[in-house]
Amino acid sequence: MTSAIASVSVQEIGKRAKSRKGKIRDGDKQSANNGTTTWTSGTVSGGGNSTGYVVVDDIANDFNYYRGNVYNKSNSQPDSDKDGVPDPVDTEPNSKPGVAVRTNAGTYDIDYNGVPDELQTSQYEKLPNGRIVARNVPGQIPSTPIEDRANSNAIQNLQGQIAGVNISTGSGTPGGMPEIVLRGIGSINGMAQPLIVVDGVPMENALQQLDSNDIENFKILKDGAATALYGSRGSNGVIIITTKAGAGKLSRKEAREFKRKLRKGAKGKLSERPEHTFPEKGTISVSGDSYEAFEENKFENPISEPLSTFSIDVDHASYTNIRRFLNNGQSVPKDAVRIEEMMNFFKYEYPQPKDKHPFSINTEYSDCPWNKEHKLVRIGLQGKIIPQNSLPPSNLVFLIDVSGSMNEPNKLPLLVESMKILVNELRENDKVAIVVYAGAAGMVLPPTSGDKKADIFAALDKLSAGGSTAGGAGIELAYKLAREHFVKNGNNRVILATDGDFNVGASSNTDMQTLIEEQRKSGVFLTCLGYGMGNYKDDKLQILADKGNGNHAYIDNIQEANRFLGKEFKGSMFTIAKDVKIQIEFNPKHVQAYRLIGYETRKLRTEDFADDAIDAGELGSGHTVTALYEIVPEGVKSDYFTAQPALKYTQTASTSGNYNDELATVKFRYKKPDGDTSTEMIQIIENKAVPLKNASGDFKFCTAVAWFGLKLRDSKLVSEKSTADIVKMARQGLSNDPDGYRAEFIRLAETVK
């Protein structure tokens, strides 16, 4: 049968495999089961690449293995070509014996082109003992050979031979094992050490027991190559060591002595094959991360609560953080899920504005798939796209956290590569300065023209992490520098890159809010870039972005950096409208109850809408913003809403005006980027719902994303939470997916049952 799988991970189980008569050794003659059929074994080839045919471990010992072929031990096994060798159960050219295979739902980027590898099709079938045989396994896994050098210590041979191999002295404890980190550009794990494989067997502390004279060759695998071969065990990279004993260059006595020496310090035995198990995904503690807790919006009565007011939110950080959790096989913390940021990660086909206003307004009214008797209203804004040659000059200050908490491969190293992507977008009339902070703050690059990219890159490459985190001092210095070089009618912005772990000086959430509210008065905007896991302070970065005329992105890998800082550079960095607020009034003639999906942390008081002193969200060039309201139509009985009881002293009757064809009125307020007075826009939503099957693809996909967010938050206001239904809905909105992000969402949703 045929099955589509995302990738195949291969785990070595030893170069020689058992038969009933003993072990197949190089040059030996091996009798078949009944003793009448013989064949001559050849040399088992070593090497780094695995292609073609592989088989799972034969635990029941029902088969013989020879050059990647599988021979049934039954006497009835035919010999069709009369060559004296039993026909194999299955075979494939260019095979490598003694290899086990499992399927893995993850995706890899083996060719390092920034695009996940396409789904591979693998033909597989069950053998009589229930084991699986797989063919057409994607092969040619890239590895990097290591040059032999005149070092007595094997670890020293690795230093400096390949980009991304970092070796440190660890704790400094006498005799302690040095720390080795293989950093790929898309690294997401922390300082965990790589998997070390000696002669096909994973072993701990093996390098400490080896010297250069023991080793025949090294190979290094990183990123997709490592996980493609070794699954999750290779997620921190793999060092593959072939010893002279493993290469057959020692006598039997010398090989035995070598193995005995190695076992004394290493965990694992060269004489044993590793157990062929495939651990299930588990929940990894994320107790060091912090998120703002909030309760989901409840249904409101349009008579007692006639107005719903909120600030727009163009942030994407919640979605990319959720993606990181799901890709790592982790459970998603409830408060990490902000549904509005999930919806707004994706682009929708709203038309460009045709009038003087900086954005167009779009609405759609259809059925609600998770509560069948309810309806959904979608409100969408499309920001005006500014041509590249019309963008104002930029005055940017990179504010980079170089404290000790950033000393992980998925933090400062990824941060530096991210900033280089942004620098590549800068022009001659743009300026960038770099401020860093750890125990104190300082400037490492004065304002420099955007065309002097080599100077900017050199300053970034010199950064290293260590010390405490005086984030408040860094913010003050960065804003001071931005004010000193302020460009009138330009793009003045501080770009803060950190894990948010402030611990020196002003560091509490309240301190951060007070500080950033004062700094925003300067007219300098803010972008917060979050990195890392385990101590990621999402709540602090949310406060800074929300209160500092800013936006917030979580960079989980280099592809996200390319998207946010490269492809969407204009929307991320150039504001076309600030303090954008939305206020909607539903018509009680048609609406019994309503609730806003998401935006819990962006809700405003009714009086805040017309108050120009109240801060709200910013809209960038080409940005889209989407909001969903769930409606309980008049006359529908709902388990999630209780009608308001009759009141003695308060008049709750609806207006007597004739508005039968209106469902709601939506008002918008915004300011120009350098303005202080808001402009109001008004849009009427007609009471004309279309069946869900006739709704736009964007409506269906946006609804599926919101539905998935409600599932992750375990919403108590949703009756249907089937992953299959969510995916089915999302698939109906795949037509507008030029970059594959919608298809990726479907893959992520399918991992949650």
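You'll find the structure just up there.
The following refers to the structure shown. One numbering rule holds for all chains: residues counted from 1, following each sequence as written. Side-chain atom pairs in this predicted model are given and counted only at pLDDT of 80 or more, local residue features only at pLDDT of at least 70, and totals for whole chains, interfaces and linings cover all residues. Each side-chain value is derived from all of the structure's non-hydrogen atoms; neither hydrogens nor water enter the calculation.

### Remarks on the overall build of the chain
Consideration 1: The way it works is that DSSP assigns letters per residue, a run of H or I at least four long becomes a helix, a run of E at least two long becomes a strand, and they are numbered from the N terminus. Each helix and strand counted, the chain has 15 helices and 34 strands in total.
Consideration 2: Counting across all 753 residues of the chain, residues that qualify as buried make up 54%.
Consideration 3: Excluding contacts between residues fewer than 6 apart, the proportion of contacts in the chain whose partners are at least 24 apart in sequence is 76%.
Consideration 4: Entry remark: accessible area of the chain is about 32,700 Å², with carbon and sulfur atoms responsible for 47%. Categorising residues by exposure relies on relative accessible area from a 1.4 Å probe, with only protein chains included: less than 20% of the type maximum marks a residue as buried, more than 50% marks it as exposed, and the intermediate range marks it as partly exposed. Note on contacts: a residue pair qualifies if any of its non-hydrogen atoms lie within 4.5 Å across the two residues. Accessible surface area values rest on a Shrake-Rupley calculation with a 1.4 Å probe, where residue burial reflects the displayed protein chains alone.

### Some remarks on the sheet that holds strand S22 (residues 375-383)
Consideration 1: By this definition, two strands are paired if DSSP reports at least two bridges between them. Read across the sheet, four strands follow the order S21-S22-S32-S30 without closing on themselves; strand pairing throughout is antiparallel. Where the open sheet ends on each side, the last strands, each with one partner, are strand S21 (359-367) and strand S30 (591-597). Averaged over all pairs of adjacent strands, the angle between strand axes in this sheet comes to 20°, irrespective of strand direction.
Consideration 2: Bridge analysis of S30 against strand S32 (residues 624-633) gives six bridges, and the strand direction is antiparallel. By the bridge assignment, arginine 595 is partnered in S32 with glutamate 630.
Consideration 3: To get an axis, a line is fitted to the C-alpha atoms, and for a helix only the part in contact is used. The angle between two axes follows their N-to-C directions and goes from 0 to 180 degrees. Across the sheet, helix H13 (residues 697-712) is in contact with S21, S22, S30 and S32; its angle to S22 comes to roughly 110°.

### Remarks on the pattern of salt bridges
Consideration 1: Any carboxyl oxygen of Asp or Glu that lies within 4 Å of a side-chain nitrogen of Lys or Arg is treated as forming a salt bridge with it. Inspection of every chain in the model, using the stated rule, returns 34 salt bridges.
Consideration 2: Residue glutamate 518 is joined to lysine 521 by a salt bridge in which the shortest nitrogen-to-oxygen separation is 3.3 Å.
Consideration 3: The exposure class of glutamate 518 is partly exposed, given its relative accessible area of 48%.
Consideration 4: Of the charged contacts, one joins glutamate 568 and arginine 563 as a salt bridge, the two residues approaching to 2.9 Å between their closest N and O atoms.
Consideration 5: Residue class for glutamate 568 comes out buried when judged on its relative accessible area of 14%.
Consideration 6: Taking relative accessible area as the criterion, arginine 563 reaches 1% and is therefore assigned buried.
Consideration 7: The network of salt bridges with shared partners includes Arg323, Lys347, Asp556, Glu560, Arg563, Glu568 and Glu744.

### Side note on the pairing of strand S28 (residues 550-554)
Consideration 1: Of all five residues in S28, five are buried, a share of seventy percent or more.
Consideration 2: The alternating pattern of S28 places Gly550, His552 and Tyr554 and Asn551 and Ala553 on opposite faces, both of which are buried.
Consideration 3: Here five bridges tie strand S27 (residues 525-530) to S28, and the two strands are oriented parallel to one another. Across the sheet, the residue bridging to leucine 526 is glycine 550, located in S28.
Consideration 4: A crossover connection joins S27 to the parallel S28 through helix H10 (residues 538-547); in handedness this β-α-β unit is right-handed. Crossovers are marked right-handed if the path from the first strand over the helix to the second runs clockwise, as seen with the strands pointing away from the viewer.

### Details of the packing of helix H6 (residues 412-423) against helix H7 (residues 453-461)
Consideration 1: Interaxial distance between H6 and H7 falls to 10 Å at its minimum, and their mutual angle equals 165°. Between H6 and H7, the angle is such that the two are roughly antiparallel. As H6 packs across H7, the resulting crossing turns out to be right-handed. Residues Val416, Met419, Lys420 and Val423 of H6 lie in contact with H7, whose contacting residues are Lys453, Ile456, Phe457, Leu460 and Asp461. Should an angle fall under 35 degrees it is taken as roughly parallel, and over 145 as roughly antiparallel, whereas 65 to 115 is taken as roughly perpendicular and any remaining angle as oblique. Here a crossing is called left-handed whenever its near helix is offset anticlockwise from the far helix by less than a right angle, and right-handed whenever the offset is clockwise.

### Notes on the sheet that holds S27
Consideration 1: Sheet architecture is open: six strands sit in the order S25-S24-S23-S26-S27-S28, paired in mixed fashion. Of all the strands in the sheet, just strand S25 (441-449) and S28 have a single pairing partner and so form its edges. Put simply, the sheet's adjacent strands are angled 15° from each other on average, direction ignored.
Consideration 2: Both strand S26 (residues 491-498) and S27 contribute to a ladder of six bridges, which runs parallel. Considered in S27, the bridge of isoleucine 495 is made with threonine 527.

### A few points about the pairing of strand S29 (residues 575-586)
Consideration 1: Along S29, eleven of the twelve residues are buried, which leaves the element largely enclosed by surrounding structure.
Consideration 2: Alignment of strand S20 (residues 307-311) against S29, held across five bridges, turns out to be antiparallel. Across the sheet, leucine 307 pairs through a bridge with glutamate 585, a residue of S29.
Consideration 3: Where S29 lies against strand S31 (residues 617-620), three bridges are found, and the strand directions are antiparallel.

### Topic: the side chain of threonine 498
Consideration 1: As for its placement among the helices and strands, threonine 498 is situated in strand S26.
Consideration 2: N or O atoms closer than or at 3.5 Å make up a polar contact, with two conditions inside protein: a donor-capable atom paired with an acceptor-capable one, and, for residues adjacent in sequence, both atoms drawn from side chains. Here tyrosine 437 takes part through its side chain, which lies 3.3 Å from a polar atom of the side chain of threonine 498.
Consideration 3: Polar contacts involving the side chain of threonine 498 include one to the main-chain amide nitrogen of glycine 500, which spans 2.8 Å.
Consideration 4: Once residues lying within four places of it in the same chain are set aside, the contact partners of threonine 498 are Asp401, Met406, Leu415, Tyr437, Leu529, Gly530, Tyr531 and Leu541.

### Some details on empty space enclosed by the protein
Consideration 1: A cavity here means a set of points on a 1 Å grid, drawn over the protein atoms and nothing else, where a 1.4 Å probe fits but cannot get out; a pocket is an open set with protein on both sides within 12 Å along at least five of seven lines, and a residue lines either one if it has an atom within 4 Å of a point. Grid points are joined across faces, edges and corners, and a volume is the space filled by probe spheres set on the points. The full count for this structure, using the stated rule, is nine cavities of 30 Å³ or more.
Consideration 2: There is about 80 Å³ of room inside the second largest cavity.
Consideration 3: Taken together, 14 residues form the lining of the second largest cavity, with Arg493, Asn551, Ser572, Thr575 and Glu618 sitting closest to its centre.
Consideration 4: Of all the elements in the fold, those that place two or more residues in the lining of the second largest cavity are S28, helix H12 (569-573) and S31.
Consideration 5: The dominant element in the lining of the second largest cavity, judged by the number of residues it contributes, is S31, at three residues.
Consideration 6: Looking at the lining of the second largest cavity, its residues break down into four nonpolar, eight polar and two charged. Classification used: nonpolar for Ala, Val, Leu, Ile, Met, Phe, Trp, Tyr, Cys and Pro, charged for Asp, Glu, Lys and Arg, polar for all others including Gly.

Shape is all these values report; function is a separate question.
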